[in-house]
Amino acid sequence: MKAFNDIADFSQEQISALLELANRLNENPEPQALSGKVLALLFLSPSLRTLASFQAAMTRLGGGAFVISPDMSIHGLETRPGIVMDGVAAEHIREAVPVIASYGDAIGIRAFAERKDLQKDLDDVEYRSLIELIDTPYVNMESAAAHPCQNLADWKTLDDLGIPANGGKFVLSWAFHPKALPLAVPASTLQMAAQRGMDVTVLRPEGFGLPEQVMAKAKKAAAASGGSVRESEDRQEAMQGAHVIYAKSWSSIAHYGDKIADQKHREQYVDWCVDEPWFAPAETDCRFMHCLPVRRGVVVSEAVLDGPRSVVIHEARNRMLAQMAVLHQMLGGAS
Ligand code: CP
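Residues numbered from 1 in each chain as written. Predicted model: local features only at pLDDT ≥ 70, side-chain atom pairs only at ≥ 80, totals over all residues. Heavy atoms only, no water.

Caption draft 1: Quick peek at the pattern of salt bridges. The full count for this structure, using the stated rule, is 14 salt bridges. As a salt-bridge pair, lysine 217 and aspartate 6 come within 2.8 Å of each other at their nearest N and O atoms. Placement of the pair is lysine 217 in helix H8 (residues 212-225) and aspartate 6 in the loop between strand S1 (3-4) and helix H1 (12-27), with a sequence separation of 211 residues. Judged by its relative accessible area of 37%, lysine 217 falls in the partly exposed class. Residue classification places aspartate 6 among the buried residues on the basis of a relative accessible area of 15%. A salt bridge links lysine 156 to aspartate 160, with the nearest nitrogen and oxygen atoms 3.3 Å apart. Of this pair, lysine 156 and aspartate 160 both sit in helix H6 (residues 148-160), separated by 4 residues, roughly a single helical turn. Given a relative accessible area of 4%, lysine 156 falls into the buried group. Salt bridges here are not isolated pairs; linked through shared partners, they connect Arg204, Glu231 and Glu233. (Salt bridge = Lys/Arg side-chain N within 4 Å of Asp/Glu carboxyl O. Helix = DSSP H or I, 4+ residues; strand = E, 2+ residues; numbered from the N terminus. Buried < 20%, exposed > 50% of the residue type's maximum accessible area, 1.4 Å probe, protein only.)

See the structure below:
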């Protein structure tokens, strides 16, 4: 595997093979599989899970990893193209990325959306400009448009819980958050559930519909997998018979790049905090999923997050196992 960039790049069979490998590595560890291999990790945006789980994954497979981020003791990094560097930053990302990549057998890059220009973010322009600088294998650790490692871990979580693929009802729900957040997780989670063959409802208030480009891509995947994709503003109706609700906040497309207008709009929906009454129309054992980090009492009630519906820790651990499978395939461990 040369790149792990977008869950949409992989067939159901390829994903099944990765998940079988993840399960095998969990049950039968291979502590020498990547002996002598090095993974470079470049974090241009913050992290807890991705930062820890990639290093743990490499260590468990016998390899090593190193991390570079702007808040370490490195030269100030300039990211703007075509700039005259007569300010504070002493190093440009155009040199930094290939240098870091040259020390590893593969590189993982995290670069969140700028959230100024919707089309630029949907087309992952900044992230693509970085991977064009390298010829080593690479992993998308979350870009403006995609978070494939989260998607693979979430697919595994759904499998682990026995939630049906075809016929399974998946609700991707917008939730309140004080800040305008990126589209990578909601867009790629929608894609994942559609590719898995689930009946997906995007539940969101007015003004928070996902971009047409994202919906069209997911609908195409659903048509191929036997699933479906629809939108609703009606919580009761959307949650009817749901097997899982996946909560996430995201920016208003209507006000993309305008923080003040977005904030004013979202403040109408502070009651979009997932709580036990939301589950009344759902399947009895309907699960709560979230990629984390999550704001308690804002995105989800403490009772739901700490209760039996919540599988957020299971999801987070699956990040490590899913990434072990990706790295094992990418860096040549015998499969
Ligand atoms: N879910 C996720 O990617 O978590 P981090 O941002 O902490 O890495």
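Let us keep going from here.
Caption draft 2: Quick look at a positive patch on the surface. On the surface, a cluster of positive charge is contributed by Lys116, Lys179, Lys259 and Arg295. Overall, lysine 259 belongs to the exposed group, its relative accessible area being 69%. (Patch = residues over 30% accessible without salt bridge, like charges linked within 9 Å, V, L, I, M, F, W, Y side chains within 5 Å. Areas by Shrake-Rupley, 256 points an atom, 1.4 Å probe, with all protein chains shown as cover. Lys, Arg positive; Asp, Glu negative; His and termini not counted. Charge placed at Lys NZ, Arg CZ, Asp CG, Glu CD.)

Caption draft 3: Representation of the pairing of strand S2 (residues 38-43) in the model. Burial analysis of S2 places 5 of its 6 residues in the buried class, the great majority of the element. Bridging between S2 and strand S3 (residues 64-68) involves 5 bridges; their strand directions are parallel. Looking at S3, one finds that leucine 41 is bridged to valine 67. In the classification by handedness, the crossover that spans S2, the intervening helix H2 (residues 49-60) and the parallel S3 is right-handed. Note: S2 against strand S6 (residues 106-110), 5 bridges, orientation parallel. Within S6, the position partnered with phenylalanine 43 by the bridge is arginine 110. (Pairing = 2+ DSSP bridges. Right-handed = clockwise from strand over helix to strand, strands pointing away.)

By themselves, these are just geometric observations and shouldn't be taken as functional.
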